[in-house]
Amino acid sequence: MTLPASNMDFPILSVLIFSPLAAAAVAAMIRNENILRWWTLAFTTAAAAFSLLLWQRFDATTAAFQFAEQAAWIPSLKINYAVGIDGISLLLVLLTTLVMPLCVLCSWRYITARVKEFMVCLLVMETAMIGVFCALDFILFFVFWEAMLIPMALLIGIWGGPRKIYAAMKFFIYTMTGSVLLLVAIIALYLKVGSFSIPDMMGRNYPADFQCWIFLAFFISFAIKVPMFPFHTWLPAAHVEAPTAGSVLLASVLLKMGTYGFLRFSLPITPHATHVFTPYILWLSVAAIIYGGLTALAQTDLKKLVAYSSVSHMGFATFGIFALNANGIEGATLVMVNHGVTTGALFIAVGIIYERLHTRDLGQTAGMGKFMPVFAGLLGVFCLSSLAFPGTNSFIGEFLVLAGGFKVSKLMVICAVPGVVIAAAYMLRMLQKVAYGHVDNPDHSRLADLSFREVVTLVPLLIFVFWIGLHPQPFLHVMHASVQHLLEQANAPLAATAVALR
Amino acid sequence: MAFLPELVLLAGALGLFVVCLGDHGARRARMTALAVSVATMIACAFCLGQEAVLFDGAYRVDLFSQILKLVFAFGYTLVVLLSGGLDDIREDVKPEYHLFLALSVCGLVLLVSCVDIITLVVALELSSFPLYLLVAMRREREDRRSQMESAIKYMMFGIAANGIMLFGMSYLFGLTGTTSLPVMVEKLRPILHTPLVIAGIAITCCGLLFKLAVFPFHFWTPDVYQGASNETAGVIASLSKIGAVAVLVRFISLASPDSRSLVILLTLLAAVSMFYGNLIALMQKDLKRLLGFSGIAHAGYALVGFVALDNAGYTAALYYIVGYLFMVLACFVVICKVSCDGDNVAMDELAGLHRRSPLLALTLVVGIFSLAGVPPFVGFMGKLTLLSAALAKGHLFLVIVTVVNTAIAIYYYLCIIREACFRDASQRPAIALDGSTRALCVLLMAGILALGVLPARVLDGVSASLTSLNPPVATKAAQR
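Basis of the calculations
- Residues numbered from 1 in each chain as written.
- Chains lettered and ligands numbered in written order.
- Predicted model: local features only at pLDDT ≥ 70, side-chain atom pairs only at ≥ 80, totals over all residues.
- Heavy atoms only, no water.
- Buried < 20%, exposed > 50% of the residue type's maximum accessible area, 1.4 Å probe, protein only.
- Helix = DSSP H or I, 4+ residues; strand = E, 2+ residues; numbered from the N terminus.
- Pairing = 2+ DSSP bridges.
- Domains from an automatic or database assignment.
- Contact = heavy atoms within 4.5 Å.
- Buried area = accessible area lost by both parts, 1.4 Å probe.
- Salt bridge = Lys/Arg side-chain N within 4 Å of Asp/Glu carboxyl O.
- Polar contact = N/O pair within 3.5 Å; in protein donor to acceptor, adjacent residues only side chain to side chain.
- Nonpolar A, V, L, I, M, F, W, Y, C, P; charged D, E, K, R; others polar.
- Phe/Tyr/Trp six-rings, centres within 6.5 Å; stacked < 30°, edge-to-face > 60°.
- Lys NZ or Arg CZ within 6 Å of the ring centre and 35° of its normal.

## A look at the pairing of strand β2 (residues 79-85) of chain A
So, point 1. In terms of burial, β2(A) is largely enclosed, as six of its seven residues are buried.
So, point 2. Between strand β1 (residues 66-74) of chain A and β2(A), which pair antiparallel one after the other, the connecting turn spans four residues, and A:Lys78 there sits at a positive phi close to 55°.

## A short note on the domain arrangement of chain A
Residues and elements named next belong to chain A.
So, point 1. As far as domains go, chain A holds domain 1 (1-231) and domain 2 (270-502).
So, point 2. Of note, the centres of domain 1 and domain 2, computed from C-alpha atoms alone, are 23 Å apart.
So, point 3. The interface of domain 1 with domain 2 comprises 32 residues on the first partner and 40 residues on the second.
So, point 4. Together domain 1 and domain 2 conceal approximately 3400 Å² of surface at their shared face, both sides included; 81% is due to carbon and sulfur atoms.
So, point 5. Sorting the residues of domain 1 by area buried against domain 2 places Leu91, Phe215 and Phe229 first, and these three jointly supply 18% of that buried surface.
So, point 6. The interface formed by domain 1 and domain 2 holds zero salt bridges in total.
So, point 7. Counting across the interface, domain 1 meets domain 2 through four residue pairs in polar contact (both at pLDDT 80 or more).
So, point 8. Contributing elements (two or more residues each) for the side of domain 1 that touches domain 2: α3 (87-106) and α9 (208-225).
So, point 9. Broken down by element, the residue count for the side of domain 1 that touches domain 2 peaks at 10 residues, all from α3.
So, point 10. For the side of domain 1 that touches domain 2, a count of residues per class yields 26 nonpolar, four polar and two charged.

## Focus on the interface of chain A and chain B
So, point 1. In this assembly, 32 residues from chain A lie in contact with 39 residues from chain B.
So, point 2. Run the count over chain A and chain B and you get zero salt bridges.
So, point 3. On the surface where chain A and chain B come into contact, there are two residue pairs in polar contact (both at pLDDT 80 or more).
So, point 4. Elements with a minimum of two residues in the side of chain A that touches chain B: β1, α5 (138-147), α6 (149-159) and α7 (164-193) of chain A.
So, point 5. Class assignment of the residues belonging to the side of chain A that touches chain B gives a composition of 26 nonpolar, three polar and three charged.

## Some points on the side chain of B:Ser370
All names here are of chain B.
So, point 1. The residue serine 370 is located in helix α15 (residues 358-372) in this model.
So, point 2. Given the relative accessible area of 0%, serine 370 is considered buried.
So, point 3. Each residue touching serine 370, except ones within four places of it in the same chain, is listed here: Met327, Phe377, Val378, Gly379, Phe380 and Ile448.

## Here we look at the packing of aromatic side chains
So, point 1. Under the counting rule described, the total for this entry stands at 51 aromatic pairs over all chains.
So, point 2. When the ring of B:Tyr132 is compared with that of B:Tyr154, the centres are 5.0 Å apart and the planes differ by 85°; the resulting orientation is edge-to-face. Within this pair, whereas B:Tyr132 is found in helix α5 (residues 117-136), its partner B:Tyr154 is found in helix α6 (residues 146-176), the two being separated by 22 residues in sequence. B:Tyr154 carries the same exposure label as B:Tyr132, and that label is buried.
So, point 3. Considering the side-chain rings of B:Tyr154 and B:Trp220, the 4.9 Å spacing of their centres and the 25° angle between planes classify their relative orientation as stacked. Here the residue B:Tyr154 occupies a position in helix α6, and B:Trp220 occupies one in helix α9 (residues 220-227), the gap between them amounting to 66 residues. An identical accessibility class is assigned to B:Tyr154 and B:Trp220; each is buried.
So, point 4. Over the ring of A:Phe210 we find A:Lys192; its NZ or CZ atom is 4.6 Å from the centre of that ring.
So, point 5. The ring centre of A:Trp145 lies 4.6 Å from the NZ or CZ of A:Lys225, which sits over that ring.

And the structure:
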């Protein structure tokens, strides 16, 4: 299949994907640590600004892949270098480029050892992350998908906390084991289709049992990445031990790859199997929402609390996706973006606390908000956003997901709704402790409030909290056509079955 | 002219012999070896497109053999760079070490051109015997003579395997009345499905599976890796395996296009090798032993390509084993440099490598992740081509076994990374690297990355050379 002509006469996606690698090569040659930090910050900011061109030139009226590029890569295996984005991947690419400079900023003082290697790892991560969201060739996708594990494991294993080795090994083994079957599925699809092109693989009527096997292979890989309920155990370990920037990248971008995988591959390539497995996955999502929330409620480690809240939020995302209607999927995509913004911000906030107190224990941090009013205010907003307070971004996303779910099964939605209440409980508990604390608070009176750098780190995310919360239309508009097309692919050949399932 | 690489190498070996006659020739021998390896590489590159049949049809120079000769010459250069100080070789035999190494490479270079089973056996012996000696040349330690044990073991197994191979060849000769492989192919085709032919081919392959260290011919591997000096183990692990795969291609293609029993046999061997190698590697503490067991598993991966019994599969196997040369040498560079005084390296001696020598740590990370099959390195591309070839022929079971094994192997590879990158050991001294080691590290990493990211030309070249080797049979083309 030939991809449509690009919106630009300039290979913008390739530049976005590979320029971080070039920047990493430059960074490897810089000796001075401060210059290194400024260079990485300048580059990632420039990349973020540059990626806004995508937003500006994106044509939201079509579901076709845009800014597409294609070139032969390994002709004997019919592997091409093919990239392009639609409305869904556009948002995730922009999220990635937005988060990157913040990761550099939040590591400014936190990372003091081996700064060069750290920045190189971050930049290599950026290449791999953008590559995953842009790839339109399955092998290209898989290369980025797996290659990302190396810098991420190094980020956790070298700059992480006390149990970093355990966390890095668990993260790597879990995710890589999950994706070995994905590779078999990719090859099996290739042998059916005759090419590795992702658009070529969509919309074909594969035999039912073949679809089910492929779907299961996809599912294991993506469910581990999301992570969905029974596969989530690597997440708290990785989040807790990773340095702040690593946690932010994990939460904001890496978790999205699982849900993105469902949207990009499972639904359009194996629509029949999707309908077969939907009820089970919906129940798993409900379980994740409740389980993640309840576990978060019991945590005293701030990072663990936020990590388990991620499990709960990603449960909403998978719930929306497998609701298989426009509200659900648009809501799920928005939840993905929101979670990237809000949870990223919460991890940065926890990092700020840790830099000052060298502890993340809820009891030890109690009451610090009294002496850090700016911080307490920002933390409050992000906590409210995380519990889906009306007027903030998460409210829109979760509302749409639940609205979509309502059309599928009232029972499931009723089971999921307590998740929102639990979210309010654990977030307000954290906010109340950190901001006000108790009469027997530890003495925090010498703590300095946020520095200019830290404010700059959090403000962009704050803007997005209210922008999406109060005026989500641009974000929904940009993905609308793509979601409609996706739904046609997922539902069209099986309209009858879909009706029966309701 | 077509014989130029061999001539250069033989002349070089003679030159090395002369160097051996003088005193204190270690440094001179190394320089000579380096010059010989580079000259051979140039000669191979020069002769790349040539075709010729020499010595009454016993020796054929074609694209297939020339590509592999280039690989051997390049690998030889890498190995010479690797064996810089030869810390663990007895002082008085260092020049001889280089002589025997050159002879072994010479055997390998001859091996890939042989199309007559007599010359083939001679070349195989020429490549093997010097290796037995190299193993024994390790310095003796107090109350430990493990190098002798290893050398004897290696030689016994090697000679036994050769005997079995000759036995198999006697069947093939008896059935066809010829020693020439091209003639044999023609004569075997009508009787391909008789048990005797299958037995003959299978037994013949045993000798090669020994060199490749496939289960159940693997017993020597861990002991020899452990007993031989680090540099020697690097040679045994890399170069001789390429030779084995190349000759295996010639023999297995005797059974093409289709032989059910051979496929079952190869499937079984591949699956057992992978499980055996990977599961036992999980328990290893000595780095060379670990690589030995992982080598058994990788031999199993390479066999996955042979199971397909077509050119796509052979291409994949050759590509994979060439990539393996780079990956495993990358690991051996690190072993050679980390070891103090040429001793064996335990896993925990790697601790803090990322502080002691960042370049070595990076080399190790690239090599190990490539062995584990993580993109964008050659290990991943190789597995992809192997799995595609096998799955195209419907070997789903074997493919699943392979990926399950990939998953198992991740653990022990990651343990190496854990020691090298995640642990800190401030008391261990920094490692100083000389220029040739730095160059070697960069070359190996570049090779691993380039073969992994831009494999198109290599794959096309190997595939084209195989087409000239055994043109696809018409019926098979019709099946497609």
